[in-house]
Amino acid sequence: MKLYISVDMEGITGLVDPTFVDSRQYNYTRGQRIMTEEANHVIEAAFGEGCSEVVVNDSHSKMNNLLIEKLHPETQLITGDVKPLSMVQGLDSSFAGAAFLGYHTRAGRKGVLSHTMIFGVRNMYINGLEVGELGFNAMVAGYYGVPVLLVAGDDETALEAEALIPGVTTAVVKKRVSRTAALSLTPEKSGELLRQKTREALAGHSRVKPLIPPEKPVLSVEFANYGQAEWAHLIPGTSIDGGSPVVTFQAKDILEAYRAMIAMTELAMKAAFS
């Protein structure tokens, strides 16, 4: 059994504000260490349950956060950017399941450090269904027939995952107090929880079905301001609502929709500097 692990940062144990997840801030190196330890708990439990191969994709910001020298030696790590499929780079039909660690809720929702890709996104939809990073990534996994077996993050993220993916195992490592505060387990206790939940997720993998995406999805992204939408609209094939900052793209499949979303959000960030 091959396991794919996507590791974000905002949902990691004890990480509650930008000082932990921004490489320019003073708590970032602490965040890296805790993030790497958290990934190792799941990796070691997966190998202990008989997984033959574990591939980890660093999925936060510049995607070079995990300390490779501290990872389980049998792990394969996808690190750095640019990645055509970003948070799900390297995922394909050869994997029996996926785990999403350090995940957070979508933009505009309750949850620690909630957002969708960039802080300039208000809402994102696939065929009218509101999705965040968790939902969009799960659809890409579903395109390959891969079920998401485990999601770890705060309590609000667990609720979002359970609503999207029936039967998914969730690991709540912290409970939201506000968007930048939480009641958190210690790393030692979250490690025990993650190992237990990984074992449960792998044992019950047959009960979880892939989240199958629509065949010809329509992607809609609502930005915080019209300037961001104008930058995103530079992508050929997009349309823009004349009265609101919503950019729409008709994709041939979920992979094309995902790449369009990455391009839109990267372009939209330029509006902050123009």
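Here's a quick rundown of the structure. For clarity, every value in this text was computed on a predicted model and none was experimentally measured.

### Examining the side chain of Thr157
Examined against the element boundaries, Thr157 turns out to sit in helix H4 (residues 155–164). Judged by its relative accessible area of 0%, Thr157 falls in the buried class. Within the local environment of Thr157, its side chain forms a polar contact with the side chain of Asp154, the two groups lying 2.7 Å apart. If near-sequence neighbours (up to four positions away) are discounted, Thr157 is found in contact with Tyr103, His104, Thr105, Leu134 and Val151.

### Looking at the nonpolar core
Ile5, Val7, Phe136, Leu219, Phe223, Tyr258 and Met264 are the most contacted members of the largest nonpolar core, which totals 84 residues. Looking at this core element by element, the count peaks at 10 residues for helix H7 (residues 254–269). With residues near it in sequence (within four places) discarded, Ile5 still touches Val42, Ile43, Val54, Val55, Val56, Asn57, Ala99 and Leu101.

### Regarding the pattern of salt bridges
Tallied over the entire structure, the rule returns 12 salt bridges. The partner of Glu160 in a salt bridge is Arg106, with the nearest N and O atoms 3.7 Å apart. Of this pair, Glu160 sits in helix H4 while Arg106 sits in the loop between strand S4 (97–103) and strand S5 (121–126), and the two are 54 residues apart along the sequence. Look at Glu160 and you get buried, because its relative accessible area is 9%. In this structure, the salt-bridge partner of Arg109 is Glu130, at a minimum N-O distance of 2.8 Å. Of the two residues, Arg109 sits in the loop between S4 and S5 while Glu130 sits in strand S6 (residues 129–130), which places them 21 residues apart along the sequence. We classify Arg109 as partly exposed; its relative accessible area is 40%. Overall, Glu130 belongs to the buried group, its relative accessible area being 17%. Here the residues in one salt-bridge network are Arg106, Arg109, Glu130 and Glu160, joined through shared partners.

### A closer look at the sheet that holds strand S10 (residues 218–223)
Here five strands make up an open sheet; going across it, the order is S6-S5-S10-S12-S11 and the pairing antiparallel. Both outer strands of the open sheet, S6 and strand S11 (238–240), are each paired with one neighbouring strand and no more. In this sheet, S10 lies alongside S5 in antiparallel orientation, the contact comprising five bridges. Bridge pairing in S10 places Val121 opposite Phe223. Where H7 meets the sheet, it contacts S5, S10, S11 and strand S12 (246–250), and its direction lies at approximately 20° from that of S10.

Reading guide: rules and limits
- Residues numbered from 1 in each chain as written.
- Predicted model: local features only at pLDDT ≥ 70, side-chain atom pairs only at ≥ 80, totals over all residues.
- Heavy atoms only, no water.
- Helix = DSSP H or I, 4+ residues; strand = E, 2+ residues; numbered from the N terminus.
- Buried < 20%, exposed > 50% of the residue type's maximum accessible area, 1.4 Å probe, protein only.
- Polar contact = N/O pair within 3.5 Å; in protein donor to acceptor, adjacent residues only side chain to side chain.
- Contact = heavy atoms within 4.5 Å.
- Core = buried A, V, L, I, M, F, W, Y, C linked by side-chain atoms within 4.5 Å.
- Salt bridge = Lys/Arg side-chain N within 4 Å of Asp/Glu carboxyl O.
- Pairing = 2+ DSSP bridges.
- Axes fitted to C-alpha atoms, helices over the stretch in contact; angles between N-to-C directions.

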